[in-house]
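Results of the structural survey
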Amino acid sequence: MISIQNLSFSYRKNKPLFEGLNLDLQAGCIYGLLGKNGAGKSSLLKQMAGLLFPQGGVCKVMGYEARYRQPDFLRNLFMVPEEFYLPQVQISNYVKAYAPFYPDFSNKSFREYLEEFQIPTDQRLTEMSYGQKKKVLISFALATNTKALIMDEPTNGLDIPSKSQFRKVIAAAVSDEKCIVISTHQVRDLDNLIDNIVIIDDHKIVFRQHVDTVNDKLCFKTVSQVENAGSVLYASSSLRGHAVVTENTDKEQSRIDMEMLFNAVLEQPERISKIFN
Amino acid sequence: MQVNNILSANRFGAYFKKHLVDNYRFYILSLIVLTGILLIALLFVLFIGPNINLYSDLLPSYLVGLYVAGLLFTSKSFNELGNKPQGMDYLLLPASHLEKFLTTLLITTIGFLIVYHAAFFLAVKAGESILFIRKGTHLINDLAYSKPETWIVNYYLWFIAQAILLMGTLYFNKYSFIKTFFCFFLFIAGMYFINSIFAEIFFHKYMADWKQQFPFIGINILLPLKMEAGITEYTNNFVMLGLPKKAWQPLLFAGKYFIPPILWTVAYFKLRDKEI
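The structure contained in this document is the topic of the report that follows. For clarity, every value in this text was computed on a predicted model and none was experimentally measured.

The helix and strand tally for chain A stands at nine helices and 13 strands. Along the first, second and third principal axes, the C-alpha atoms of chain A reach 60 × 45 × 35 Å. Evaluated residue by residue, chain A yields a buried proportion of 53% over its 277 residues. For chain A, the share of sequence-separated contacts (at least 6 apart) that also reach a separation of at least 24 residues comes to 66%. Within the structure as shown, chain A displays about 12400 Å² of accessible surface, and the carbon and sulfur contribution to it stands at 43%. If the 32 positive side-chain charges of chain A are averaged to one point and the 32 negative ones to another, these points end up 5 Å apart.

Here you go:
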């Protein structure tokens, strides 16, 4: 679905953001793209959408080179940017103006998503808060039924109930034909939502695994003493004890803690790489 | 079904409609403001100016309005690209670059000319009515008897200026009007100085100074009075050594018909290469 080969890109000379980056994303999955501030998450999503052009390598989405932004490519891709624009019109007029460009747009689904997010449909977009506008855009994005859906920090500006609603609608929207990529630094917002984790650091993809594989290979638990926890990859202390990530040698069942995984990958890249390869 | 990724009538229609829906408030407001400003300007000309009683007397106001309003309006094109969220929305909308560009081109040329003429007509009619009420006189339409060749050149120049501004809006996301004019001035100055170098090389002896030339027009030279072996005397008469007809005619033809399309094409390719 999305194939990035040997991608090089920089905003400034001698300061590369990506160098020989390779990434293949398949349909039927929800990918969580994680990375530190400035790691290039948004830039990578922009490459996928054709808003930035590779300086080396190629970025193909559904067989189309993204940089050409051909209509047949764009009508099968929707991007929800972190900072977005909505015209100063009513929701119904927004749909009238934008929906004709998306052949699989479903008005019924759009109404259902708005209802789920508790957005009144007769309100003008200008009269809405940032969070409400974002929910309108997410609802529209899902209703377009595009094959590729790219979201940059979609939970920013959403209140706590809306984050749960967001997870619910995204989980319901995924299908075998659809590839959803969600970039965020609020890793906990993606708990139980994504099925693939991609971590970007130091100009390249440093981790790309299915959550089942992560569960097989790593164990996330809280222990009273780190020394007794076994092969610890990363530990974080709190009042409840020590949260640790260890190698899952005993095939224990645990729940992935995205934040712990992220920190483990960045702190122990060689050990993580050894465990997963 | 195979999708036409260059130009599709349905998609172009949908995009044009979307553009109008997004901008209709701005366009209506612009029409009202333009008509108001033109009316005030015409009333000023009719009542303050000396003996205005012909339509042709209004031509300077008409042309100033055409250039100022037209070029300011054109400089507002692709404004969305100067704003990241709007730019992303614009570039990611599933219409081809050609459809997006043609929409802007049609609106800033044909659309603007229709609206401007409607506004000017309304302003003239309102001005005439006020003139009749105050002075009991009408303006005489002498333009029906004038030769259009004498003033049609202004339209050629307007299209060239429009094309330059449109291209400028794609090269400069902010303050495109000022930046484009500055670049245009630099371009003309550059051409003038390059031309002066060649003029000096070829005609140094005959030129009073290096400024006696202009690109594509000609060179002012001193007319030789007597030329003998090793001795040349000059009169004080300057003559214009202009381009020969077979050189300036194709240049004029290209200037009239090719420069705007060439600049529009450059602007289109710039839009295609736009990154945000």
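What tends to happen in soluble globular proteins is that the nonpolar side chains get buried as a cluster. Ranked by internal contacts, the top residues of the largest apolar core, which has 119 residues, are L44(A), F140(A), I170(A), I197(A), L218(A) and F101(B). Here this core gets seven residues from one element, more than from any other, and that element is helix 5 (residues 130-143) of chain A. Excluding its chain neighbours within four sequence positions, the residues that come into contact with F140(A) are F78(A), Y94(A), V95(A), Y98(A), A99(A), Y102(A), F105(A) and F110(A). With 25 residues, the next largest nonpolar core counts L46(B), I52(B), Y55(B) and I107(B) among its residues.

For the rest of this paragraph, the subject is the interface of chain B and chain A. With 26 residues of chain B at the contact, the number on the chain A side is 27 residues. Across the chain B/chain A interface, buried area totals approximately 2600 Å², and carbon plus sulfur atoms make up 63% of it. Across the contact surface, chain B and chain A share zero salt bridges. Seen at the junction of chain B and chain A, the total is nine residue pairs in polar contact (both at pLDDT 80 or more). Within the residue set of the side of chain B that touches chain A, elements represented by two or more residues are helix 1 (9-48), helix 3 (84-92) and helix 8 (259-272) of chain B.

A few words on the side chain of S254(A). Residues and elements named next belong to chain A. Along the polypeptide, S254 turns up in the loop between strand 13 (241-247) and helix 8 (258-267). One polar contact links the side chain of S254 to the main-chain amide nitrogen of F220, over a distance of 3.0 Å. Leaving out residues up to four positions away in the same chain, S254 has contacts with N215, L218, C219 and F220.

Before going further, it helps to spend a moment on helix 8 of chain B. Residues and elements named next belong to chain B. With 14 residues, helix 8 should cover 20 Å at 1.5 Å per step; its first-to-last C-alpha distance of 20 Å lies within 8% of that length. P260, L263, W264, A267, Y268 and L271 are the residues of helix 8 that are buried. Buried residues of helix 8, seen end-on, are gathered within an arc of 145 degrees and therefore sit on one face of the element. Here the buried face of helix 8 lies against helix 3, helix 4 (97-135), helix 5 (149-171) and helix 7 (245-257).

Another point: a nonpolar patch on the surface. A cluster of nonpolar residues, Y171(B), F253(B), Y257(B), F258(B), I262(B) and V266(B), forms a patch on the protein surface that exposes about 590 Å² of accessible area. Listed by contribution, the elements that provide at least two residues to the nonpolar patch are helix 7 and helix 8 of chain B.

The next subject is the sheet that holds strand 13 of chain A. All names here are of chain A. Ordered in space as 11-13-12, the three strands form an open sheet in which the pairing is antiparallel. What marks the edges here is a single partner per strand, and that holds for strand 11 (218-223) and strand 12 (232-238). Looking at each pair of strands side by side, their axes are set apart by 15 degrees on average, direction ignored. Alignment of strand 11 against strand 13, held across six bridges, turns out to be antiparallel. By the bridge assignment, T222 is partnered in strand 13 with A243. The strands touched by helix 8 are strand 11, strand 12 and strand 13; relative to strand 12, the strand with the most contacts, the crossing angle is about 130 degrees.

What counts, and where the lines are drawn
- Residue indices begin from 1 for each chain and proceed along its sequence in written order.
- Here chains are named by letter from A upward and ligands by number from 1 upward, in the order in which they appear as written.
- The predicted origin of the model limits local features to residues at a pLDDT of at least 70 and limits the giving and counting of side-chain atom pairs to 80 or more, whereas totals for whole chains, interfaces and linings rest on all residues.
- Side-chain calculation: all heavy atoms of the structure are included, whereas hydrogens and water are not.
- Here a strand is any run of E in DSSP of at least two residues, a helix any run of H or I of at least four, and the numbering for each starts at the N terminus.
- Relative accessible area decides the class of each residue, using a 1.4 Å probe on protein chains only: under 20% of the type maximum gives buried, over 50% gives exposed, and in between gives partly exposed.
- In what follows, residue pairs with any heavy atoms lying within 4.5 Å of each other are defined as contacts.
- Per-residue and other accessible areas were derived by the Shrake-Rupley procedure at a 1.4 Å probe size, with only the shown protein chains allowed to occlude residues.
- Charge counting treats Lys and Arg as positive and Asp and Glu as negative, with His and both chain ends excluded.
- The location of each charge is read from NZ of Lys, CZ of Arg, CG of Asp or CD of Glu.
- To qualify as a nonpolar core, a set must consist of buried Ala, Val, Leu, Ile, Met, Phe, Trp, Tyr and Cys residues joined through side-chain atoms within 4.5 Å.
- When two components associate, each loses some accessible surface as probed by a 1.4 Å sphere; the sum of these losses over both components is called the buried area.
- In the sections that follow, a salt bridge refers to a side-chain nitrogen of Lys or Arg positioned within 4 Å of a carboxyl oxygen of Asp or Glu.
- Think of a polar contact as two N or O atoms within 3.5 Å of one another; within protein, one of them needs to be a possible hydrogen donor and the other a possible acceptor, and neighboring residues in sequence only count if both atoms come from side chains.
- Here a helix's expected span is defined as the number of its residues, less one, multiplied by 1.5 Å.
- The arc in question is the one traced by the directions running from the helix axis out to the C-beta atoms.
- Excluding any residue in a salt bridge, patches collect residues exceeding 30% relative accessible area, merging like charges within 9 Å and nonpolar Val, Leu, Ile, Met, Phe, Trp and Tyr side chains within 5 Å.
- Being paired, for any two strands, means DSSP has found at least two bridges between them.
- Only the contacting stretch of a helix is used when fitting its axis, a line to C-alpha atoms as for every element, and angles between N-to-C directions run 0 to 180 degrees.

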